[in-house]
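Residue-level structure breakdown
The residues making up each chain are set out below.
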Amino acid sequence: MKKILLFIVSICLFTSCNKDQGVYEKVPLAFEKPSNFPEIKYNLDNNPLTEKGFELGKKLFYEGKLSSDGVVACAFCHQQKFAFTHHGHTFSHGVDNREGTRNAPPIQNMAFQSQFAWDGAAFHLDLFSIIPITNPDEMGETVTNILAKLKQDKAYENLYSLAFDDGKINTENTLKALSQFMIMMVSSNSKYDKYVRDEEGGVFTDDEKEGLKLFENKCASCHKTALFTDDSFRNNGLPINQEINDLGRMRVTLLEDDKFKFKVPSLRNIALTAPYMHDGRFGSLKSVLNFYANGVEETTNLDPLLKHSDGSLGILMSANEKNKIIAFLNTLTDEEFIKDKRFAEN
């Protein structure tokens, strides 16, 4: 009889200790590739998307605990209404208002890419979040400290149990949850998308049609596919900021051939993401096109596409052509993505 009572007490104690902890819920979250998009590059077999995994990733994305000051979350530099960029800031800034040397790139259509950050410091999406988290000028925190803080929060204890089979609050699950949130952030319903898919709302004006043709002739060598990036690293001839002297891709590879090369950014939602370039030096699309027409310099490793047999540099464009290209670029704004409540904090 005593043994039975002890058994019942032990069961009750176990239940009491775990009454707030959920049980793994493997409810799949559907990922649909837009018909005009290239194949996904992220291996979903290694991180199956689930409703609770996405929910956890979203909570972490907006969580100040991921930074040393408890305030700066991922969303601080990646705001939805600006296509998840730090709009209006030449250099993105983080904890203690520290200023970095680069402008935060957008985070959209990440599942279709294989290299991340301006210099490609992350070669897998699961590793991408570590960069801003540990950068002293961004979130300035260590993964160890983050895990310690999350383990003290009952809400996270429950969410991790629901999101992952082992229920552990560890590095792998944290990074995978953030990836699940970013994987679902697909921007594919702009006017341009509806135009190429022949859908309602995809009727182009004459200027937009001419702008598309000009873009395909003058810009699409680097800004390829429906992603509007070829996922490569190139030197586009920006005058070197001698004070910062950002070496670009070379900081990662240590190869001279990569000096001053930066990742070709996607142009999706480009009208919302000013300022432009890795260092945010241009405040408007007109300034960007003026640079390509008249400002390209012969710097180390200048991309061959910007060098011509007659000795000229850049991309020849008239004022009228620039206006039409900008008209086309404006069709890349995806209002459905910008206003998608799935990605909003509340």
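Structure: above.
Residues numbered from 1 in each chain as written. Predicted model: local features only at pLDDT ≥ 70, side-chain atom pairs only at ≥ 80, totals over all residues. Heavy atoms only, no water.

Regarding helix H7 (residues 154-163)
- Buried residues of H7: Tyr156, Leu159, Tyr160, Ser161, Leu162 and Ala163, and no others.
- Taken together, the buried residues of H7 touch helix H2 (51-61), helix H6 (143-151) and helix H8 (171-183). (Buried < 20%, exposed > 50% of the residue type's maximum accessible area, 1.4 Å probe, protein only. Helix = DSSP H or I, 4+ residues; strand = E, 2+ residues; numbered from the N terminus. Contact = heavy atoms within 4.5 Å.)

A look at the nonpolar core
- Counting 49 residues, the largest nonpolar core has Leu56, Leu60, Phe61 and Phe128 as its most contacted members.
- Elements with a contribution of two residues or more to this core: H2, helix H3 (74-77), helix H4 (125-128), H6, H7, H8 and helix H14 (335-338).
- Take this core: its biggest share by element is 5 residues, from H8.
- Setting aside residues up to four positions removed in sequence, Phe128 forms contacts with Ile107, Met110, Phe116, Ala117, Ala122 and Met182.
- The next biggest cluster of nonpolar side chains, apart from the first, holds 30 residues, and it includes Phe204, Leu285, Phe291 and Leu302. (Core = buried A, V, L, I, M, F, W, Y, C linked by side-chain atoms within 4.5 Å.)

Brief notes about helix H10 (residues 206-218)
- Compared with the 18 Å implied by 1.5 Å per residue over 13 residues, the 18 Å span of H10 between its first and last C-alpha is a close match.
- Listing the buried residues of H10 in full gives Glu208, Gly211, Leu212, Leu214 and Phe215. (Expected span 1.5 Å × (residues − 1).)

Regarding the pattern of salt bridges
- Scanning the model with the defined rule gives 23 salt bridges in all.
- Salt-bridge contacts for Lys52 lead to Glu55; the nearest nitrogen and oxygen are separated by 3.1 Å. One end of the pair is Lys52 and the other is Glu55, both in helix H2 and 3 residues apart, which spans about a single turn.
- A salt bridge links Arg251 to Asp246, with the nearest nitrogen and oxygen atoms 3.7 Å apart.
- Counted as one network, the salt bridges with shared partners bring together Arg102, Asp119, Asp246 and Arg251. (Salt bridge = Lys/Arg side-chain N within 4 Å of Asp/Glu carboxyl O.)

Some words on the environment of Phe123
- Counting through the fold element by element, Phe123 comes out in the loop between H3 and H4.
- Judged by its relative accessible area of 64%, Phe123 is exposed.
- Between the C-alpha atoms of Phe123 and Gly201, which are 78 residues apart in sequence, the distance is 37 Å.
- Setting aside residues up to four positions removed in sequence, Phe123 forms contacts with Ser114 and Phe116.

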